[in-house]
Amino acid sequence: MKHWLQDGLEKTALTFLSAVLFVGFFQFNGWIFSGFQYSEGVSWVFLPAGFRVILVLVLGLPGALGLMLGSWFIDRDLFGGNNALLGFMNGVAGGVIPWLVMKWLQKRGWLNPQLQTLTAPQLLNLTLIFAAASAIAHQLVWLLLERPNLNIWVDIWPMFVGNALGALLMLYGFKFVLDWVSPKPSHDDH
Amino acid sequence: MEKNHSAFATAYLRFLQLAKVVQALPDGQEMDANELALLESVVLRWYEDQPMTVREAIGLAALGSPATLHKRITRLREKDMLSTLNQEGDRRAKFLIPTQRTLDYFQHLGRSMQQAHKGLAA
């Protein structure tokens, strides 16, 4: 198979994987944390934000495009009415903005593209940066497109907290699983 | 470098890097330098088949006052780095012994030292 074709197929597969994971965890989040919902589409705990960090860092652009596709799928009802632009921009804010933030950090030399120099404190900082960037981008989109009943100075906080808490829950869940499945060293020496 | 790898391989290698970082996330079980110094003293004595009693440990004046050392022992026990053992026939003497977690920790340090040594030699 020609290299460019194989590369294209692999990136398409990764994009769809990213979209499926995001949509799946969006549904799961709505089911498990329905009591934490602040307003439509905003929850005090938003687990898919964890996938924003993981998928954008690991998959790069295909991960970001998958997040955007996933967001469009979730907002598919908006595309049928006169809110198509809102649905479109929600996807851009949720997927492309984190990727742009990552690219900016890479350009400044703060983040290695292959994550070789990434440390745990940096990952925690990145989680907060992505949570803030996504919350600001969504609120700005909603403000510009005049979403009803919006108070950006108040609504931005639940979204930021939800993104940050959800992402931390996901990352620590991932850590718990890794600690659990990692082979323990033997003690034959003593 | 990236051009040599397929998209799947690049994603997998980045995933491995991220997994390593995620495993290093702080979980409140880290030891500070003072706790580590006390743990090393206790484990050394255990390694020499002369486990230290709690009374001996709180008497290590070079590491702090008895009250401070007692708190440190409590914290190390809460972090599952130390456990106590009573000698048969003498319930008063309480010996401090390392836990499995401590043995894992020192084994990890030993392996890291070996790897670093190999890296320097190469």
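Our subject is the structure listed above.
How each quantity is defined
- Residues numbered from 1 in each chain as written.
- Chains lettered and ligands numbered in written order.
- Predicted model: local features only at pLDDT ≥ 70, side-chain atom pairs only at ≥ 80, totals over all residues.
- Heavy atoms only, no water.
- Helix = DSSP H or I, 4+ residues; strand = E, 2+ residues; numbered from the N terminus.
- Rg over C-alpha atoms; globule rule 2.2 N^0.38 Å.
- Contact = heavy atoms within 4.5 Å.
- Areas by Shrake-Rupley, 256 points an atom, 1.4 Å probe, with all protein chains shown as cover.
- Lys, Arg positive; Asp, Glu negative; His and termini not counted.
- Charge placed at Lys NZ, Arg CZ, Asp CG, Glu CD.
- 1 Å grid on protein atoms, 1.4 Å probe; cavity = no way out; pocket = protein on both sides within 12 Å on 5 of 7 lines; lining within 4 Å.
- Points joined across faces, edges and corners; volume = space filled by probe spheres on them.
- Nonpolar A, V, L, I, M, F, W, Y, C, P; charged D, E, K, R; others polar.
- Buried area = accessible area lost by both parts, 1.4 Å probe.
- Salt bridge = Lys/Arg side-chain N within 4 Å of Asp/Glu carboxyl O.
- Polar contact = N/O pair within 3.5 Å; in protein donor to acceptor, adjacent residues only side chain to side chain.
- Phe/Tyr/Trp six-rings, centres within 6.5 Å; stacked < 30°, edge-to-face > 60°.
- Buried < 20%, exposed > 50% of the residue type's maximum accessible area, 1.4 Å probe, protein only.
- Lys NZ or Arg CZ within 6 Å of the ring centre and 35° of its normal.

### Some points on the overall build of chain B
(1) Moving on: Counting secondary structure elements, chain B contains 5 helices and 2 strands.
(2) Moving on: Secondary structure elements in chain B, listed N-terminal to C-terminal, are α-α-α-α-β-β-α.
(3) Moving on: Here the C-alpha radius of gyration of chain B, 20 Å, is well above what a compact globule of 122 residues would show, namely 14 Å.
(4) Moving on: Projecting the C-alpha coordinates of chain B onto the three principal axes gives extents of approximately 65 × 30 × 30 Å.
(5) Moving on: For chain B, the proportion of contacts with a sequence separation of at least 24, taken over those separated by at least 6, is 47%.
(6) Moving on: Summed over all atoms, the accessible surface of chain B reaches about 8,100 Å², with 56% contributed by carbon and sulfur.
(7) Moving on: Placing the 16 positive and 14 negative side-chain charges of chain B at their respective mean positions leaves the two points 3 Å apart.

### Quick notes on the layout of surface pockets
All names here are of chain A.
(1) Moving on: In this structure, the second largest pocket spans a volume of roughly 580 Å³.
(2) Moving on: Around the second largest pocket, the lining comprises 30 residues; the ones closest to its centre are Gly41, Asp75, Asn90, Trp142 and Arg147.
(3) Moving on: Listing elements by their share of the lining of the second largest pocket, those giving two or more residues are helix H1 (3-32), strand E2 (42-43), helix H3 (61-74), helix H4 (76-80), helix H5 (84-107), helix H6 (120-144) and helix H7 (152-181).
(4) Moving on: Per-element tally for the lining of the second largest pocket: the top contributor is H7, with 4 residues.
(5) Moving on: Taken together, the residues that form the lining of the second largest pocket break down as 13 nonpolar, 10 polar and 7 charged.

### Side note on the interface of chain A and chain B
(1) Moving on: Taken together, the 32 residues of chain A in the interface contact 25 residues of chain B.
(2) Moving on: Overall, the association of chain A and chain B removes approximately 2,700 Å² of surface from exposure, summing both partners, and the carbon and sulfur fraction of that is 65%.
(3) Moving on: Linking chain A with chain B are 1 salt bridge, by the criterion used here.
(4) Moving on: Where Lys175 of chain A meets Asp27 of chain B, a salt bridge forms, and the shortest distance between an N and an O atom there is 3.8 Å.
(5) Moving on: Linking chain A with chain B are 9 residue pairs in polar contact (both at pLDDT 80 or more).

### Some thoughts on the packing of aromatic side chains
All names here are of chain A.
(1) Moving on: Applying the stated criterion across every chain, the model contains 11 aromatic pairs over all chains.
(2) Moving on: Look at Trp72 and Phe88: their rings are 5.3 Å apart centre to centre, the planes differ by 20°, and that puts the pair in the stacked class. You can see Trp72 sitting in helix H3 and its partner Phe88 sitting in helix H5, a full 16 residues away along the chain.
(3) Moving on: On the basis of relative accessible area, Trp72 is assigned to the partly exposed category, the value being 22%.
(4) Moving on: Grouping aromatic residues by their ring pairs yields a cluster made of Phe25, Phe28, Trp31 and Phe51.
(5) Moving on: The ring of Phe73 carries the charged tip of Arg76 above its face, separated from the ring centre by 4.3 Å.

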